[in-house]
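# Residue-level structure breakdown
Here's the letter readout for the chains.
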Amino acid sequence: QVQLVESGGGVVQPGGSLRLSCAASATILNINTMAWYRQAPGKERELVASSTSGGRTNYADSVKGRFTISGDNAKNTVYLQMNSLKAEDTATYFCYVATRGFPAMNYWGKGTLVAVSS
């Protein structure tokens with residue numbers, strides 16, 4: 001079973017930057033979507049950013065212009081560059097990968113905590 005492991009979270013001041021990484025334990029074939037979700041305390045998990053194999057990216061309105069999703073297939077790694085962080089970005093961030101084909105597979109990481117505080 002492939003595992004996704006996030007890293008790069010931590011405490012940062014408002015206006016600061018962090019880069020999250022999500023490494024897969026093995027090569028994942030036929031990737032259709034890579035994404036980052038987040039869940040703040042007491043709130044539902046929400047999509048932050050996604051990228052499809054066709055090159056389409058999508059961002060939550062709240063992070064547009066500040067966050068960038070990217071991937072390195074050679075390293076089986078997905079990144080989330082987060083700039084101009086705000087207190088409302090505080091959450092646990094989860095990596096997600098979905099494959100196409102039959103059977104389609106969905107993989108989740110266990111999350112990494114980002115806390116934006118002065």
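Residues numbered from 1 in each chain as written. Predicted model: local features only at pLDDT ≥ 70, side-chain atom pairs only at ≥ 80, totals over all residues. Heavy atoms only, no water.

### Here we look at the pairing of strand S4 (residues 31–39)
Selection rule: Note on pairing: two strands pair once DSSP finds at least 2 bridges between them. Elements are defined by DSSP. Helices are runs of H or I of four residues or more, strands are runs of E of two residues or more, and each kind is numbered from the N terminus.
Relative to strand S9 (residues 91–99), S4 is paired through eight bridges, and the arrangement is antiparallel. Looking at the pairing, Arg38 lines up with Tyr93 of S9. Summarising the sheet, S4 and strand S5 (residues 46–52) pair through six bridges and their orientation is antiparallel. Across the sheet, residue Tyr37 finds its bridge partner in S5, namely Leu47. Adjacent in sequence and paired antiparallel, S4 and S5 are bridged by six residues, among which Gly42 carries a positive phi angle near 80°.

### Notes on the packing of aromatic side chains
Rule in force here: Note on ring pairs: Phe, Tyr and Trp rings are taken, using the six-membered ring of Trp, and paired if centres are within 6.5 Å. Classes follow the plane angle, with under 30 degrees stacked, over 60 edge-to-face and the rest tilted. Whether a charge sits over a ring depends on NZ of Lys or CZ of Arg being within 6 Å of the ring centre and within 35 degrees of the ring normal.
As enumerated under the stated definition, the model contains three aromatic pairs in all. One aromatic cluster in this structure is built from Tyr37, Tyr96 and Trp108. Its end group placed over the ring of Trp108, Arg45 keeps NZ or CZ at 4.8 Å from the ring centre.

### Description of the confidence of the model for the chain
Counted only if it meets this: Known as pLDDT, the predictor's confidence for each residue is given on a scale from 0 to 100.
Of the residues in the chain, 100% have a pLDDT of 70 or more, and the chain-wide mean is 95. Within the chain, no element has a lower average pLDDT than strand S7 (residues 67–72), which sits at 93, and none a higher one than strand S11 (residues 112–116), at 98.

### Topic: the pattern of salt bridges
Here is the rule: Basic side-chain nitrogens of Lys or Arg form a salt bridge, by our definition, when they fall within 4 Å of a carboxyl oxygen of Asp or Glu. Burial classes: relative accessible area under 20% of the type maximum marks a residue as buried, over 50% as exposed, and values in between as partly exposed (1.4 Å probe, protein chains only).
One pass over the structure, following the stated rule, counts four salt bridges. As a salt-bridge pair, Arg38 and Glu46 come within 2.7 Å of each other at their nearest N and O atoms. With relative accessibility at 6%, the residue Arg38 sits in the buried group. On the accessibility criterion, Glu46 (35% relative accessible area) is partly exposed. Asp89 is the salt-bridge partner of Arg38, the closest N and O atoms lying 3.0 Å from each other. Separated by 51 residues along the polypeptide, Arg38 in strand S4 and Asp89 in the loop between strand S8 (77–82) and S9 bring together distant segments of the chain. You'll find Arg38 and Asp89 in the same group, each marked buried. Among the charged side chains, a network of salt bridges with common partners joins Arg38, Glu46, Arg66 and Asp89.

### Quick look at the side chain of Ser50
As a reminder, the rule being used: Whether two residues are in contact is decided by their heavy atoms: any pair within 4.5 Å suffices.
Tracing the chain through its elements places Ser50 in strand S5. Apart from the residues within four sequence positions on either side, Ser50 is in contact with Thr33, Met34, Ala35, Arg56, Thr57, Asn58 and Ile69.

### Re the sheet that holds S7
Definition in use: For helices, the fitted line uses only the C-alpha atoms of the stretch in contact; every axis is such a line through C-alpha atoms, and the angle between N-to-C directions lies from 0 to 180 degrees.
Read from one edge of the open sheet, four strands run S1-S3-S8-S7, paired in antiparallel fashion. The open sheet has two edge strands, strand S1 (4–7) and S7, and neither has a second partner. The sheet shows a mean angle of 15° between the axes of neighbouring strands, taken without regard to direction.

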